[in-house]
Amino acid sequence: MRLRILEAAKQEFAAHGLAGARVDRIAASAGANKRMLYYHVGNKEDLYLAVLEGAYEKIRSEERELDLEHLDPPEAIERLIDFTWNYFLRNPEFLALLNTENLAKARHLKRSTKVKSMHSPFVEMIRTVVTRGVQSGDFRVAVDPVQLYISIAALCFFYLSNSATLSVIFGRDLLKKEARDERLAHMVALVLAALTGKSTADFGKTVGQGMRPPAHQPM
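These numbers were taken from a predicted model, which means no experiment stands behind them.

Caption draft 1: Representation of the overall build of the chain within the structure. In terms of regular secondary structure, the chain is built from 10 helices and zero strands. Secondary structure elements of the chain, listed N to C terminal, follow the sequence α-α-α-α-α-α-α-α-α-α. Its C-alpha atoms put the chain at 60 × 40 × 30 Å along the principal axes. When the accessible area of the chain is evaluated, it comes to approximately 11,900 Å², of which 55% is carbon and sulfur surface. Taking the average location of the 30 positive side-chain charges in the chain and that of its 26 negative ones, the two points are 6 Å from each other.

Caption draft 2: Region of the structure containing unusual backbone geometry. One non-glycine residue with positive phi stands out, namely Asp 67, at about 60°. In this fold, Asp 67 is placed in the loop between helix 4 (44-64) and helix 5 (73-90). Located in the positive-phi region is Lys 105, a residue other than glycine, with phi close to 60°. For Lys 105, the location among the structural elements is in the loop between helix 6 (92-103) and helix 7 (115-136). A relative accessible area of 66% places Lys 105 in the exposed class.

Caption draft 3: Inspection of the packing of aromatic side chains at higher detail. Applying the stated rule across the entire model yields eight aromatic pairs. Geometrically, the ring pair formed by Tyr 56 and Phe 94 is edge-to-face, given 5.8 Å between the ring centres and 85° between the ring planes. Placement of Tyr 56 in helix 4 and of Phe 94 in helix 6 is noted, with a sequence separation of 38 residues between them. Each member of the pair, Tyr 56 as well as Phe 94, carries the same accessibility label: buried. Centroid distance Trp 85 to Tyr 159: 5.4 Å. Interplanar angle 70°. Geometry classified as edge-to-face.

Caption draft 4: Fine view of the domain arrangement of the chain. Assigned domains of the chain: these are domain 1 (1-42) and domain 2 (53-196). The straight-line distance from the C-alpha centre of domain 1 to that of domain 2 is 29 Å. Three residues stand out in domain 1 for area buried against domain 2, namely Lys 10, Ala 14 and Leu 18, and they jointly supply 75% of the buried area on that side. Between the two partners, domain 1 and domain 2, sit one salt bridge. The partner of Glu 93 in a salt bridge is Lys 10, with the nearest N and O atoms 3.7 Å apart. Our enumeration of links across domain 1 and domain 2 arrives at zero residue pairs in polar contact (both at pLDDT 80 or more).

What counts and how
- Residues numbered from 1 in each chain as written.
- Predicted model: local features only at pLDDT ≥ 70, side-chain atom pairs only at ≥ 80, totals over all residues.
- Heavy atoms only, no water.
- Helix = DSSP H or I, 4+ residues; strand = E, 2+ residues; numbered from the N terminus.
- Areas by Shrake-Rupley, 256 points an atom, 1.4 Å probe, with all protein chains shown as cover.
- Lys, Arg positive; Asp, Glu negative; His and termini not counted.
- Charge placed at Lys NZ, Arg CZ, Asp CG, Glu CD.
- Buried < 20%, exposed > 50% of the residue type's maximum accessible area, 1.4 Å probe, protein only.
- Phe/Tyr/Trp six-rings, centres within 6.5 Å; stacked < 30°, edge-to-face > 60°.
- Domains from an automatic or database assignment.
- Buried area = accessible area lost by both parts, 1.4 Å probe.
- Salt bridge = Lys/Arg side-chain N within 4 Å of Asp/Glu carboxyl O.
- Polar contact = N/O pair within 3.5 Å; in protein donor to acceptor, adjacent residues only side chain to side chain.

Written as structure tokens, this is what we have:
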């Protein structure tokens, strides 16, 4: 029941935000009633925080399965970019929840006792990849792993969260498969060029020209 409530709440909060979400709709979608909802999760703000924590836990859990530690550093970074991009594509409700919470200045996330501990192992995983890259000569500088991840997430997030307006402005459908593939290739080239000191031309092949296709291409 708790899992059904959290899934229904995720969809409701993603679609309507915290202010517009309705507990009645969440309970009905979960096959519950409000008394059961309050018993299993708490009030509306407690439910919202549980959904946020669950969203972060899900992405961090999948990131841990990427096995970056056993890949050559450039390949590990490419896989991280590939995963982040395709995770955002597959989980648009995650982006919607982030937008809602940022509008609230992270007021609810600040109450969480779980989120910070989820991120520490992930940051260390990226730090290890970068350190190995410097030691092997693949990377020129040991960048801050937090800054690196924020840059990767930003490259993905801005494109997707603004795809409607950007598509109109530039007169192209930025969510077509060809455009998505081109964007992924561009992001990989950009980040690897920054880490290695090489030109983006060294990494800038499109999928059609030989770059490995995305490992998590959405249907």
